[in-house]
Amino acid sequence: MKKNMITGSKLWSIAMITSLLAACSSPATTSTTANAATSTTGTTKTVSVIEQTSVKYADLVSLDADDTNISWIEADSTAIKLNGTTATVTGSGAKAANGSVTISEAGTYVLSGELTDGQIVVNVADKGTVHLVLNGATIHDNDSAAIYIQKAGKAVITLEKGTKNTVSDGKTYVYADATTDEPDAAIFSKADLTFNGAGQLTVTGNYNEGITSKDDLKIISGSISVKAADDGIKGKDMVAIQAGTITIEAEGDGIKSTNDTDTTKGFVAIAGGTFDIQSGNDGIQAETALVADGGTYNIVTGGGSANAPAKVEEGPFGGGGGGWGGGTPPTDMGTPPDGEPPADMPEMPNNGGTNAGANTNGAAASSSANATATTDSNADADTATTATESTSAKALKAGTDLTVNGGTYTIDSMDDSLHSNNNVTVNDGTFNIESGDDGIHADQALTINGGTITIAKSYEGLEGAIITLNDGDVDVTASDDGVNAAGGETETAANTTASTGSATTATDATTTSNISVTETTGTTSTTDQASQGTTANQQGRGPGGMGGAAASNNEFHINGGFLTVNAGGDGLDSNGSINMTGGTVIVNGPTDNGNGALDYDGTFEISGGYLVAAGSSGMAQGTSDASTQNTIVMTFPATQKAGTLVHVQDSEGNNILTFAPAKDYQTVVVSSPDLKKDGSYVIYSGGTSTGKAVDGLYTDGTYSGGTQVVAFQSTSNVTWVNESGVTTANTGMGGPGGGGGQGGFGGGRNRSQSGTTSDSTGTTDSAK
């Protein structure tokens, strides 16, 4: 993406020439397409950075007999008949007075009828269990909670099957004195509170919240509808939902747990159920862990993604100013038709490459931009908005770890759709997401082990300090970066790590959950940041942003799955490195020359899988020379229209790639197990295929009718070509630094390529 400097200022400094010289061509020959897009595992297996065991509902929640007890016998129960402003009690343990009913003994109490202005109070000194059966009850209190559990070992509210029950309060409460601020919900409990049964309950919290427990809050079953002036359903120590149908309309958070003093509490755990949540703030929010095993969710937060504040980029490149740092401008990129640089290229600044906001070791100075804190402490990396965010309106939000083991999620969120201040793990589930900010965001590790994830709208699709895709089908549409490995502890420590040369492991960048559940974490090999700064010169890399500081230890690992990206900014962006061992990755975009389909500051090593990335040429990068799987980077003489097929075949007519990019493009990167280091290949443009396209990638059928652009022989594991044949990579122009600091293009990361410059390595048709 177009990264922000820590100082909050941008120095626009770039000069590049785009290859636009058109080559003459001839009709293509016909070839049969093999299964080019099959997900392939490389010869080396990379252990996932965060491959945690699945934390589930049962690991966090235990139920006792009272939680699941829905039965009652009339002879053993106390009947409470509500009638206007009075009530009649038949049995022991409860008394009615002044329009209210006080329950003072453990036992079962069956409520029916209507109380128009009164309160059900539970005050049991012996800490026993009070079982309230709502058997067609309507309870309203004008100036306090309608049901108030002051003291009890546990309160269980059963919704009797076939009944409709209503609980509500007034808009103004009357307290004993100015220091008292509770109860503050239509149903308020100072003890553990459980809902069960097969009936219906409608709760209206006109004063503040709908349902609140100061201890545990469990929902075992039932149909519960809550409308609240603030939060819908809140449990301090936990909110545990086993099943049920839950509808919430809340001005604040939909469902939340709030204990921030005990790390073993403050979580939300959901086994299943049906949820329809419309909230002004977060949909489901846990102070610590949020775990969802299943269920069906429809969540709209903050009025939806259309209500998100507009994002404003301060400039296209982070990392400070500078001229051509460390290398020379590319010399074999063709010539624009009019002899001028593309119109969308920013001008070179006149500051001589100096960033006044940087200190001597390349770290950007602090600025007033950082002083503008928001009430939501989870500010995302590299993002500036037109207005300070004052509310958090995320759909699923965890203070520590967010784990999704299954379920179906339809989300339209003003803020991030899935968010954790620590780690996000998606093991399964079906997601349809429209986000006003990030689709899925983890401050530390984001791991996807399965599921079907469609992010139809986002600012950035996937974001985390360390991102790992092990399996699953992920489709991302983003106005900025599709995937962004950035931020976290690694981002703030990047300059220090690089300058001292100290090794930082992946697990250093993440913290484990404090919930008392054992989680296992795998590790990858340690990356020495100082080493990255020196060896990067040998990586297969084209022009990037303005380098500045050395690459951070942010990482993006692709070990399997199917990832499709449609990005307005960078397609795959890592402030550190990218590693791919398997799976299929398709990148469409960007179309502007200030971003790239691939953008990394360290290395991109590929040993398996299938990669195709089509985008603009201005900041194009390929994979690194250290890769064990071969790559072709093709720059066309002019921008190709969206949908125009690009076809690559070997000398025997075997298909390597047949692809219809979804956006205009000028550079295409393809890496396949079928590519050979010394193979001969032909690239065509246009034409048709009889095969079936999946996200623009054809996996079968016959290609024909295209125009040959170039024929060439690969001479290295990363081969850069244009219409004239094999060329050197675009050198001296490293990717966006993202962390600030001075430096020019490359910042010591100019790339020397092993591809051999040749005017006639392949053949192109000269007659036109």
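Structure: see above.
Residues numbered from 1 in each chain as written. Predicted model: local features only at pLDDT ≥ 70, side-chain atom pairs only at ≥ 80, totals over all residues. Heavy atoms only, no water.

**Quick notes on the side chain of Asp216**
So, step 1. When you line up the elements, Asp216 lands in strand E16 (residues 216-219).
So, step 2. Here Asp216 is in contact with Ala191, Asp192, Leu193, Asp237 and Met238, once residues within four sequence places are set aside. (Helix = DSSP H or I, 4+ residues; strand = E, 2+ residues; numbered from the N terminus. Contact = heavy atoms within 4.5 Å.)

**Some words on the pattern of salt bridges**
So, step 1. Inspection of the entire model under this criterion finds twelve salt bridges.
So, step 2. A salt bridge links Asp67 to Lys154; the nearest nitrogen and oxygen atoms lie 3.0 Å apart. Of this pair, Asp67 sits in helix H2 (residues 65-68) while Lys154 sits in strand E10 (residues 154-159); the two residues are 87 residues apart in sequence, bridging distant segments of the chain.
So, step 3. Residue Lys154 is classed as buried on the basis of its relative accessible area of 8%.
So, step 4. A salt bridge links Asp67 to Lys218; the shortest N-O distance between them is 3.2 Å. (Salt bridge = Lys/Arg side-chain N within 4 Å of Asp/Glu carboxyl O. Buried < 20%, exposed > 50% of the residue type's maximum accessible area, 1.4 Å probe, protein only.)

**Considering the pairing of strand E57 (residues 707-713)**
So, step 1. Burial within E57 is extensive, with five of its seven residues counted as buried.
So, step 2. As defined by bridge partners, strand E52 (residues 680-685) adjoins E57 across six bridges and the pair is classed as antiparallel. Looking at the pairing, Val682 lines up with Ala711 of E57. (Pairing = 2+ DSSP bridges.)

**A short note on unusual backbone geometry**
So, step 1. In the segment running from Glu182 into Pro183, the intervening peptide bond is cis, with an omega of 10°.
So, step 2. Within the secondary structure, Pro183 is located in the loop between strand E11 (164-169) and strand E12 (185-189).
So, step 3. Positive phi, close to 55°, is recorded for Asn98, a residue that is not glycine.
So, step 4. With respect to the element layout, Asn98 can be found in the loop between strand E4 (94-97) and strand E5 (100-103).
So, step 5. According to the relative accessible area criterion, Asn98 is exposed, its value standing at 83%.
So, step 6. One non-glycine residue, Asp695, lies in the positive phi region at around 55°.
So, step 7. Under the relative-accessibility criterion, Asp695 is labelled partly exposed at 33%.

**Considering the packing of aromatic side chains**
So, step 1. All chains considered together, the criterion is met by eleven aromatic pairs.
So, step 2. Considering the side-chain rings of Tyr173 and Tyr207, the 4.0 Å spacing of their centres and the 15° angle between planes classify their relative orientation as stacked. Here Tyr173 is found in the loop between E11 and E12, whereas its partner Tyr207 is found in the loop between strand E14 (200-205) and strand E15 (209-213), with 34 residues between them in sequence.
So, step 3. With relative accessibility at 30%, the residue Tyr207 sits in the partly exposed group.
So, step 4. Between Phe275 and Tyr297 the ring centres are 4.7 Å apart and the planes differ by 5°, which places this aromatic pair in the stacked class. One end of the pair, Phe275, is in strand E23 (residues 274-279); the other, Tyr297, is in strand E26 (residues 296-301), with 22 residues separating them in the sequence. Tyr297 matches Phe275 in its accessibility class, with the two residues each being buried. (Phe/Tyr/Trp six-rings, centres within 6.5 Å; stacked < 30°, edge-to-face > 60°.)

**A look at the environment of Ser104**
So, step 1. Relative to the helices and strands, Ser104 resides in the loop between E5 and strand E6 (107-115).
So, step 2. Here the alpha-carbon distance between Ser104 and Val122, two residues 18 residues apart in the chain, equals 6.3 Å.
So, step 3. Beyond its immediate chain neighbours, meaning those up to four positions away, Ser104 contacts Gly93, Asn123, Val124 and Ala125.

**A short note on the side chain of Asp650**
So, step 1. Relative to the helices and strands, Asp650 resides in strand E49 (residues 646-650).
So, step 2. Here Asp650 sits buried without a salt bridge, and the closest side chain of opposite charge, Lys676, lies 8.4 Å off (N-O distance).
So, step 3. Looking at Asp650, its side chain comes within polar contact range of the main-chain nitrogen of Glu652, at 3.0 Å.
So, step 4. Within the structure, the side chain of Asp650 is placed 2.8 Å from the backbone nitrogen of Asn654, a separation counted as a polar contact.
So, step 5. Contact partners of Asp650, with chain neighbours within four places excluded, come to Ile656, Ser680 and Tyr681. (Lys, Arg positive; Asp, Glu negative; His and termini not counted. Polar contact = N/O pair within 3.5 Å; in protein donor to acceptor, adjacent residues only side chain to side chain.)

**Here's the deal with the environment of Gly199**
So, step 1. Mapped onto the elements of the fold, Gly199 is located in the loop between strand E13 (192-197) and E14.
So, step 2. For the pair formed by Gly199 and Ser223, sequence separation is 24 residues and the distance between their alpha carbons is 6.3 Å.
So, step 3. In this structure Gly199 touches Leu159, Glu160, Lys161, Gly162, Thr163, Gly222 and Ser223, once residues within four positions along its chain are discounted.

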